[in-house]
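Coordinates in review
Here is how the chains run, residue by residue.
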Amino acid sequence: MSGAAGPGPPAGPGRSPLPCAPRPAAPLQLAGGAEPARPGVAVIDLRFPHGAAADVQEIVFRNFYTAFLSVRVQRPGPGGSRRWMTCLRDLCLMPCPHTEEGSQDYFCLRRHQMLCDIDQVTAMRFILRQPSPVWLHFTIEDLQIFPPGQKSPQKDFPSWLSQLTPPEQPASLHGELPDPEKVSSEVQQMWVLTEVIRARQAAARIGRFDVDGCYDVNLLSYT
């Protein structure tokens, strides 16, 4: 499973992201300890205002040295409860965690890539992993959540425009085309006639010097 990466944010045209306030990435800590656990794991929590639920279509963000990403969503459960579900597991953002490739690319994750339904989401949790000790700080930036696209509103057209008749279709020419063999034969006959006329014209130009198929030397000497 992979996301679409590119040089800039691949947000859809004419859409606005859902209002949300993601928290800064918090490094995972050992229970009872104050130091971050290694290898590097960090968590970003995101909630929608006033505890509202939202339908999610796309998740857009810019990577910053995160090697793997998992996403969990909180959705209403039975009896009014809320439960966490994993909708994306260990998506590779950097092919090699020790190199720069993919470290600052933009990604667009769409709902068909998810492992579960992402409608009526009340909260989201992004789990970031960077196993390489080369990068001391890693996160995801410019995080935006987009709802499903809406259909463009129908525009009002003048009544006279809707009453225009469609243009007439040109008549089919398949039944009126001549036989190609007949056309080819006629073209060849015209070419033969053209060659005969050209030969006769050439003979007429030199015929005044011709006597019984030979040239008269006396006639030629006076020209």
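Residues numbered from 1 in each chain as written. Predicted model: local features only at pLDDT ≥ 70, side-chain atom pairs only at ≥ 80, totals over all residues. Heavy atoms only, no water.

1. A closer look at the overall build of the protein
Looking only at helices and strands, one finds 3 helices and 11 strands in the protein. Relative to its 223 residues, the protein shows a buried fraction of 26%. Taking all contacts inside the protein whose residues are at least 6 apart in sequence as the whole, residues at least 24 apart take part in 76%. Carbon and sulfur atoms make up 57% of the accessible area of the protein, which amounts to about 15,500 Å² in all. (Helix = DSSP H or I, 4+ residues; strand = E, 2+ residues; numbered from the N terminus. Buried < 20%, exposed > 50% of the residue type's maximum accessible area, 1.4 Å probe, protein only. Contact = heavy atoms within 4.5 Å. Areas by Shrake-Rupley, 256 points an atom, 1.4 Å probe, with all protein chains shown as cover.)

2. Comments concerning the confidence of the model for the protein
On average, residues of the protein score 75 in pLDDT, and 64% of them are at 70 or above. Every residue in residues 151-155 scores below 50 in pLDDT, and together they form 0 contacts with partners more than four places removed in sequence or on other chains. Overall, residues 160-164 carries pLDDT values under 50, and its contacts beyond four positions in sequence, including any with other chains, amount to 0 contacts. (pLDDT = per-residue confidence, 0-100.)

3. So, the environment of Thr 122
Within the secondary structure layout, Thr 122 lies in the loop between strand S7 (106-110) and strand S8 (123-130). Its relative accessible area of 6% is what places Thr 122 among the buried residues. Considering only alpha carbons, one finds Thr 122 and Arg 82, 40 residues apart in sequence, at a separation of 8.7 Å. Non-local contacts of Thr 122, meaning those with residues more than four positions away in its chain, are made with Arg 47, Phe 48, Gly 51, Ala 52, Ala 53, Gln 74, Arg 75 and Arg 82.

4. Observations regarding the sheet that holds strand S6 (residues 82-92)
If you walk across this open sheet you meet the 5 strands as S2-S3-S8-S5-S6, and the pairing is antiparallel. Each end of this open sheet is capped by a strand with a single partner; those strands are strand S2 (26-27) and S6. In terms of strand pairing, S2 meets strand S3 (residues 40-47) through 2 bridges, oriented antiparallel. When the bridges of S3 are listed, Pro 27 appears paired with Ala 42. (Pairing = 2+ DSSP bridges.)

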